[in-house]
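So the chains spell out like this:
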Amino acid sequence: SSNGTGSSPLTFILTGIPGLLMSSYWMALPLCCLYLLMLLGNCTLLWTIKTDYSLHTPMYYFLSMLAVADLGLSLSTLPTMLAIFCFESTSLRFEACIAQMYFIHTFSAIESGVLVAMAFDRFVAICYPLRYTSVLTNSLIMKAGGAIFLRGVCVVLPVAVLIKKMPFCRSRVLSHSFCLHQDMLRLVCGDVKVNSLYGLTAVILTKGLDSLTILLSYMMIIRAILSIISQETRAKAFSTCISHLCAVLIFYIPLIGLSITHRFGKHLPPFTHTLLADAYLLVPPVLNPLVYSWKTKQIRRRILILLCQRG
């Protein structure tokens, strides 16, 4: 009924996909491919933006922040995911589980904040195009990036501190291949009201406010686009938002689905929760570079030039 003794430290047992054998290499291979694709896509995106001076604009600076957040989110889950499916290692020390939980939720909050900054970028570009360069200065972008990072770090830190003090005396088997706050909280032997309340507060202060801000931004963007008389100009203005809208949907749809199943899907098969959690953490980092490379001519052209030079 404690966090372990000197001779027997507390460990958690991570779960792969329910009903799937740990030694299923057909699952390990796609996972390795997904992580390689994520690393290649986001690193290529960062390198392309860094080396092409024509991409040194506010929109691409925010895109760089999104790629960094995606890398952090994926690398937070990488050790345990590969350990389970490649090496059949399911045990994880309490301290390591706390650290993984902290980094997962922190980078998730940072990514949500970056999506808000990108929505603001599109709002200014479409609603106030003549003031775009004067509003989104390099100084403002740096301050926004710092504020987004500090918010993620500070809001999630009490979550880790509070749960570290809790005793665990029930089954130590987690439901996922990585440590999440709500999953760990389920195994606590004690009063979790404070932890649950602060966890909910942290979600509201990050993803709750962020999703509302993005929604309001796009309401104003759509109103501005509809006021444009020229059909061609209207379509061109809306096309500049498609990549960001895809990134928002890729991030928030699995998150909303996971939240709903946690609250109301207790009758669903266990693998449903597992697959939604995996999709929430793995799909955005893999798809975001592909979406932006496909929809952004400058990035696509730059990548093609680099490929031709190497070829």
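The rules we used
Counting of residues starts from 1 at the beginning of each chain's written sequence and follows it residue by residue. Given that this is a predicted model, residues contribute local features only at a pLDDT of at least 70 and side-chain atom pairs are listed and counted only at 80 or more, while totals for whole chains, interfaces and linings are drawn from all residues. Remark: hydrogens and water are excluded; side-chain values derive from all non-hydrogen atoms of the structure. UniProt positions are given in the numbering used here, feature names are shortened, and annotations may be inferred rather than shown by experiment. Starting at the N terminus, helices and strands are each numbered in turn, a helix being any DSSP run of H or I of at least four residues and a strand any DSSP run of E of at least two. Partly exposed residues are those whose accessible area sits between 20% and 50% of the maximum for their type, while under 20% is buried and over 50% is exposed, using a 1.4 Å probe and protein chains only. Note on definitions: a residue-residue contact is assigned when non-hydrogen atoms from the two residues lie within 4.5 Å. Any N or O atom pair separated by 3.5 Å or less is treated as a polar contact, with the protein-specific requirement of one donor-capable and one acceptor-capable atom, and with residues adjacent in sequence counted only for side-chain atom pairs. Between the first and last residue of a helix there are one fewer steps than residues, each counted as 1.5 Å, and that sum is the expected span. Only a pair of cysteine sulfur atoms within 2.5 Å qualifies as a disulfide here. To count toward a patch, a residue needs a relative accessible area above 30% and no salt bridge. Like charges then connect within 9 Å, nonpolar side chains (Val, Leu, Ile, Met, Phe, Trp, Tyr) within 5 Å. Per-residue accessibility takes into account occlusion by the displayed protein chains alone, with areas from the Shrake-Rupley method and a 1.4 Å probe. When a carboxyl oxygen of Asp or Glu lies within 4 Å of a side-chain nitrogen of Lys or Arg, that pair is called a salt bridge. Under this rule, positive means Lys or Arg and negative means Asp or Glu; His and the chain ends count for nothing. By convention, the point assigned to a charge is CZ for Arg, NZ for Lys, CD for Glu and CG for Asp. Each pair of aromatic rings taken from Phe, Tyr and Trp, with Trp reduced to its six-membered ring, is defined by centres within 6.5 Å and is described as stacked if the planes are under 30 degrees apart, edge-to-face if over 60, and tilted in the remaining cases. Whether a charge sits over a ring depends on NZ of Lys or CZ of Arg being within 6 Å of the ring centre and within 35 degrees of the ring normal.

The protein chain is annotated in an unreviewed UniProt entry as Olfactory receptor of Pluvianellus socialis. Looking at the protein chain in UniProt, the text filed under Sequence similarities (unreviewed entry) is "Belongs to the G-protein coupled receptor 1 family."

**Q** Report on the side chain of serine 74, specifying residues and quantitative values.
**A** Following the sequence through the fold, serine 74 ends up in helix α2 (residues 58-87). Judged by its relative accessible area of 2%, serine 74 falls in the buried class. When neighbours within four sequence positions are excluded, serine 74 is seen to be in contact with Tyr35, Met38, Leu281 and Pro285.

**Q** How would you sum up the environment of aspartate 121? Please name residues and give values.
**A** As for its placement among the helices and strands, aspartate 121 is situated in helix α3 (residues 94-127). Aspartate 121 sits in the buried class, given a relative accessible area of 1%. When neighbours within four sequence positions are excluded, aspartate 121 is seen to be in contact with Pro58, Met59, Phe62, Tyr132 and Leu136. A distance of 2.8 Å separates a polar atom in the side chain of aspartate 121 from a polar atom in the side chain of arginine 122.

**Q** Tell me about α3, residues and numbers included.
**A** For α3, spanning 34 residues, the distance from its first C-alpha to its last is 49 Å, which sits close to the expected 50 Å at 1.5 Å a residue. In terms of burial, α3 is largely enclosed, as 27 of its 34 residues are buried.

**Q** Explain the state of the cysteines to me, and be specific about the residues and the numbers.
**A** Counted under the stated rule, the structure contains 1 disulfide. Free of any disulfide, cysteine 32 has its nearest neighbouring cysteine sulfur in cysteine 86, separated by 3.9 Å. Between cysteine 33, a free cysteine, and cysteine 32, which holds the nearest cysteine sulfur, the sulfur-to-sulfur gap is 7.0 Å. The exposure class assigned to cysteine 33 is partly exposed, which follows from its relative accessible area of 44%.

**Q** An account of a positive patch on the surface is requested, with residue identities and associated values reported.
**A** The grouping of Lys236, Lys295, Lys297 and Arg300 at the surface amounts to a positive patch. By the element assignment, lysine 297 lies in helix α10 (residues 297-310). Taking the relative accessible area as the measure of exposure, lysine 297 reaches 59% and is therefore exposed.

**Q** Any chance you could break down the packing of aromatic side chains for me, citing the residues and the numbers?
**A** Overall, the coordinates contain 9 aromatic pairs when judged by the stated rule. Measuring from centroid to centroid gives 5.2 Å for phenylalanine 12 and phenylalanine 168, while their planes differ by 85°, and the two rings are edge-to-face. In this pair, phenylalanine 12 sits in strand β1 (residues 11-13) while phenylalanine 168 sits in the loop between α5 (138-164) and α6 (181-185), placing the two residues 156 residues apart along the sequence. Its relative accessible area of 0% is what places phenylalanine 12 among the buried residues. With a centroid separation of 6.4 Å and an interplanar angle of 35°, the aromatic rings of phenylalanine 120 and phenylalanine 123 are classed as tilted. You can see phenylalanine 120 and its partner phenylalanine 123 sitting in helix α3, 3 residues apart, about one turn around the helix. The buried category is assigned to phenylalanine 123, whose relative accessible area is 14%. Aromatic ring contacts, followed pair by pair, group Phe12, Phe94 and Phe168 into a single cluster. Between the NZ or CZ atom of arginine 131 and the centre of the ring of tyrosine 128, over which it lies, the distance is 5.8 Å.

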